Amino acid sequence: DEVLPAPVVDAIVSRSGGNPFFLLELVGSAAEGEGELPTSVEAAVAARIDHLQVRDRRLLGYAAVLGQQFSLDLMADALPDASVDDVDAWQRLSEFLETSLGGKVRFRQPIVRDVAYEGLPFERRRQLHEAIGEALERRARKRPERFAELLSLHFDRAGIFAKAWEYSVMAAERARRKFANVDAAELYQRALDAEDSMEGEAPPEERAKVAEALGDVTEVAGMYDKAESAFVEALRLVGDTGPDAARVLLKRGILRERTSDYDEGIEILEQVGPALEGAGDEGVEIGLEARVEIAAIRSRQGDMEQTVALCQEVVTAADAEAHPSVLAHAYYLMEFAYTRLNHPERGTIGEKAAEIYRELGEHVKLGNTLNNLGYDAFYLGKWDKAFEYWTEAKETRDKAGDIIGSALQKNNLSEIAMHRGDLAQARSMLEHALRVWRGAGYEVGVAYASANLGLVASREGKRDEARQLLDTSVDVFTAAGAEAYLPDIRVRYAEFLLAGAEADAALEMLEPDIEASLESGDTLALSTLHRLVGLARFQKGDVE
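Rules used in this analysis
- Residues numbered from 1 in each chain as written.
- Predicted model: local features only at pLDDT ≥ 70, side-chain atom pairs only at ≥ 80, totals over all residues.
- Heavy atoms only, no water.
- Helix = DSSP H or I, 4+ residues; strand = E, 2+ residues; numbered from the N terminus.
- Expected span 1.5 Å × (residues − 1).
- Buried < 20%, exposed > 50% of the residue type's maximum accessible area, 1.4 Å probe, protein only.
- Contact = heavy atoms within 4.5 Å.
- Pairing = 2+ DSSP bridges.
- Axes fitted to C-alpha atoms, helices over the stretch in contact; angles between N-to-C directions.
- Core = buried A, V, L, I, M, F, W, Y, C linked by side-chain atoms within 4.5 Å.
- Parallel < 35°, antiparallel > 145°, perpendicular 65-115°, else oblique.
- Left-handed = near helix turned anticlockwise from the far one by under 90°.

Let us look at helix α11 (residues 181-197). In this model, α11 (17 residues) spans 24 Å end to end at C-alpha, consistent with the 24 Å of a helix rising 1.5 Å per residue. Within the sequence span of α11, burial applies to N181, A184, A185, L187, Y188, R190, A191, L192, A194 and E195. Among the structural elements, α9 (148-158), α10 (161-177), α12 (204-220) and α22 (383-400) are those in contact with the buried residues of α11.

This part takes up the sheet that holds strand β1 (residues 69-71). Within the open sheet, the 3 strands sit side by side as β1-β3-β2. Their pairing is antiparallel. Strands at the two margins of the open sheet, each flanked by one partner only, are β1 and β2 (97-99). In this sheet, adjacent strand axes meet at a mean angle of 20° when their direction is disregarded. Note: β1 against strand β3 (residues 104-107), 3 bridges, orientation antiparallel. Across the sheet, residue F70 finds its bridge partner in β3, namely V105.

Counting 178 residues, the largest nonpolar core has L60, M75, L97, W437 and F477 as its most contacted members. Among the elements that take part in this core, helix α19 (residues 324-341) stands out by supplying 11 residues, more than any other. With residues up to four places along the chain from it excluded, the contact list for L97 reads L60, A63, W90, V105, R106, F107 and R108.

On to the packing of helix α24 (residues 423-440) against helix α25 (residues 443-459), then. Remark: α24 packs on α25, axes separated minimally by 9 Å, with the N-to-C direction vectors making an angle of 155°. With respect to α25, the element α24 is oriented roughly antiparallel. Judged by the twist between their axes, the crossing of α24 over α25 is left-handed. On α25, the residues that touch L423, A426, R427, L430, E431, L434, W437 and R438 of α24 are G445, V446, A449, S450, N452, L453, V456, A457 and R459.

Moving on: the environment of V308. Positionally, V308 belongs in helix α18 (residues 304-317). Measuring from C-alpha to C-alpha, the distance between V308 and L150 comes to 49 Å, with 158 residues separating the pair along the chain. Setting aside residues up to four positions removed in sequence, V308 forms contacts with A337, Y338 and L341.

What follows is about the environment of A63. Note on placement: A63 falls in helix α4 (residues 54-66). Taking the relative accessible area as the measure of exposure, A63 reaches 0% and is therefore buried. The sequence separation of A63 and L97 amounts to 34 residues, and the corresponding C-alpha distance is 9.1 Å. Apart from residues lying up to four places away in sequence, A63 is in contact with F70, M75, L97 and F107.

Here it is, written out as structure tokens:
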């Protein structure tokens, strides 16, 4: 029940090394915000290490500095006084270390490595890290990127911060290219921390780039608080005007949309234009993208006509060759609005967006587009086609490390499972999505998954659970001002009420939405509302 970010949960699972007791201790520490391992676990391992001979304890300490896994030849190169060839010593350490025929050594439990490491004097640890870093540099020769992550770690621990900065940035960019966003975030943060210790040796523009990159990867990983802090730092360094400032403002506005702070998001996005005054052609795409993002927020607020109008302005202004990504984003949002409005071009304009994103290799945005196309197919009753779109969207998002978007596809696929009667599969998918979104603080996602879980609980006959989940969902969406979602949620609530023969309550909930749907032109909501109002009237005996 603890609300922890998904990357933290993954780190706990990995770090526990399969030890259930240690796993629970780590969860407790994380939930309480403690930065150190539980004392009782450390004490248990330290007692075992204390029984070793002095030279074996020293060898285990050397191994700990090298890391969770390392090669014997690196140890021999970096630490000549280590007893690398002492077969008996490795045998005596076999309860802690596992060695392979290929010369690889691995700690059996991460906790053992941590305790052995902490047992070394600080200055000795620093010297060992420096020696290992220098050995890795000799091995890297003209291709340091091969060992960039290890070089980053060892020079950071050695207190050689200029090299730690250089290799951390190199390793972070390498991780980012592989969509390993959580790893990239850790490395970018290490670079910034190293630069702090360098007392401003790195140029401000370089630090700003790294801070912005940290914001990018943490945003995709669903670590929104860290992303906001990184973007604020980047903005402090680039100032209030110019293309760099406008780009960071744009990203902060997008982040506000993610966290459902819609009014503040629009306020930030409207600062993009003034920041670009005098920027010329360099800022055109950023300005257009800011307009599209305002359209995205309007769609969240339920104003589909305004969404279409803003997107059409951007489509008219954008150059297809110069601004393909902006054009695709506008098409994507228009597809969402066209589905709600039952526009004649629904289902076609979204394919234009998908084609552009495929060509550009923009996985996250392609996932968004495929998601909307899946909605269109789903509402038309083409469930197999919707399943294909949403499955491809999930694979695309997973490839990009987009855990928030991947959870969205789980949520959507659960709706197909639910309507086909597979309630167990639907519940499993929704509980996964709910855990991820809660950990990220993604309130809109939490509310949507709660509503769907409420409908599953209703169909399972668990009425108390269903009512509680549906109440929570309505409250969250109302507080967030996410008017576009409320008709869908009230529809789920009405289905729950009708299942319990509460026709009057269902009518009271639905009838105000009919007028609102007529005003907004949301024919999708209107048709569903008419269906349920008809069922409620029938339940009351009003057949005509």
